[in-house]
Amino acid sequence: MSELPLNPNIQPFTRDDDAAAADAPPAPRYELANNENPLGPSPRVIEAIAAAPDLGTYPEYSDIALRRAIVEALGRGLSPAHIATGCSGFETLELIARAFLRPGDEMILSSPTFSGAYKKVALPLGARVRDVPLEAGSFRYRADAVLAAISERTKLIMLCNPNNPTGTVISAESMRQLLAGLPEHALVVADEVYHHFVDDARYPDSLAYVLEGRNIVIVHSFSKAYGLAGLRLGYCIAKPAIANYIAGLQRGFHQNKLALAAGIAACRDQAHVRRSVQFLRGEARWVCQQFDRLDIRYWKPAANFILFETRLLADELQRELAQRGFHLRAQTRNKLPFCMRLSLGTRDANQAFVAALEAILRGAG
Ligand SMILES: Cc1ncc(COP(=O)(O)O)c(C=O)c1O
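Described in the following lines is the structure provided in the data block. Note that the structure is a prediction, hence the values are computed from the model and not measured.

Some words on the site of the ligand
Okay, step 1: Taken together, 13 residues lie around the ligand, and Ser-88, Gly-89, Phe-90, Ser-221 and Ser-223 are the ones closest in.
Okay, step 2: Grouping the constituent residues of the shell around the ligand by class yields five nonpolar, seven polar and one charged.

Quick notes on the sheet that holds strand E3 (residues 106–109)
Okay, step 1: Taking strand neighbours across the sheet as the criterion, the seven strands line up as E2-E8-E7-E6-E5-E3-E4 in an open arrangement whose pairing is mixed. A strand with exactly one partner marks an edge of an open sheet, and here the two such strands are strand E2 (83–86) and strand E4 (128–131). Direction aside, neighbouring strands of the sheet carry axes that sit 25 degrees apart on average.
Okay, step 2: In this structure, strand E5 (residues 154–160) lies alongside strand E6 (residues 187–191), joined through five bridges in parallel fashion. Within E6, the position partnered with Cys-160 by the bridge is Asp-191.
Okay, step 3: The strands touched by helix H3 (residues 64–74) within the sheet are E2 and strand E8 (234–237), with E2 carrying the most contacts at an inclination of about 115 degrees.
Okay, step 4: Here helix H5 (residues 115–122) sits on the sheet in contact with E3, E4 and E5, set at roughly 175 degrees to E3.

With respect to the sheet that holds strand E13 (residues 339–343)
Okay, step 1: Reading across from one edge, E9-E10-E13-E12 is the order of the four strands in this open sheet, with antiparallel pairing throughout. Here the strands that pair on one side only, and so sit at the sheet edges, are strand E9 (297–298) and strand E12 (329–330).
Okay, step 2: The pairing of E12 with E13 spans two bridges and is classified as antiparallel. Pairing of Arg-329 across the sheet is with Arg-341, part of E13.

Quick notes on the rules
Residues numbered from 1 in each chain as written. Predicted model: local features only at pLDDT ≥ 70, side-chain atom pairs only at ≥ 80, totals over all residues. Near = placed C-beta within 6 Å. Nonpolar A, V, L, I, M, F, W, Y, C, P; charged D, E, K, R; others polar. Pairing = 2+ DSSP bridges. Helix = DSSP H or I, 4+ residues; strand = E, 2+ residues; numbered from the N terminus. Axes fitted to C-alpha atoms, helices over the stretch in contact; angles between N-to-C directions. Contact = placed C-beta atoms within 7 Å.

See below:
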């Protein structure tokens, strides 16, 4: 291996089987780490997958039926030409990076954010990543600082909204300011995979900017409100010239038959999305009330997860929780050593989590 010319920007991966061989804790009873939808997918999706056609032949070459279903669900006068699909939101981010980043180009992100993924799609291309952090404590987006950091090499500006892991929103005013100052050679990537959950009047109408023909691409996923994280389906929305350019990187037959059938069925069951959103907003309110009762600091969530802070080191708290069967993510890597991110689960799971947290904090004095 050593004589092969390796790309220093590719981080060798510790695979799960390697991790399992090490001293990994037993599988958790409560998986509250991945911001999934505890209600899972619509029953219509399960039916569509069960009825999916012969897997011995290739799927349709074109994903046009899926793109039609997506724009019907989105409305707003979008056409299938505004959509490029990917095999997950993550892969969609990768297609966008590959389409726009050349060696020496820059991506700007604002930490704490979904940095691991953004770096993973940018660095192997020889691009540089510049961090213009959110305001400490409030996690407010600093559009003025981002604009000041843009150079001739800046191609992508990552705007995660609601932001993972903080759960906070970037306001319409910040996005307006950013787009107003954006040079022609830069593209805003609005990662809005949690958009369904937002109930905040300050949230920007980014689709309107796409329809105006601005340099913006919005990323959506079927992993969140649609409850289809296991299927790996996502897409982006941009003006047709950009969407078609990104689609130029898709592999032949890039969407498999199950994903096509399931994605279309999911788009046609918006009642399931509404139920999921209502349920998860209710759980967010309930958990926040519990955090208030326990005097735990948290950031008001606009998504299906909550960032909270305790006086324990988050890595330690993560271990304590793991021993009790809960998997949550400490935010140490995001330079928030006392913060954890809770993905909202069923009421049973959330109740059990709060009880475990209370016991741990009481035990810690
Ligand atoms: C902000 C953000 N963007 C994109 C993704 C990717 O989602 P997926 O690859 O499951 O579609 C995630 C997943 O957690 C996310 O949190």
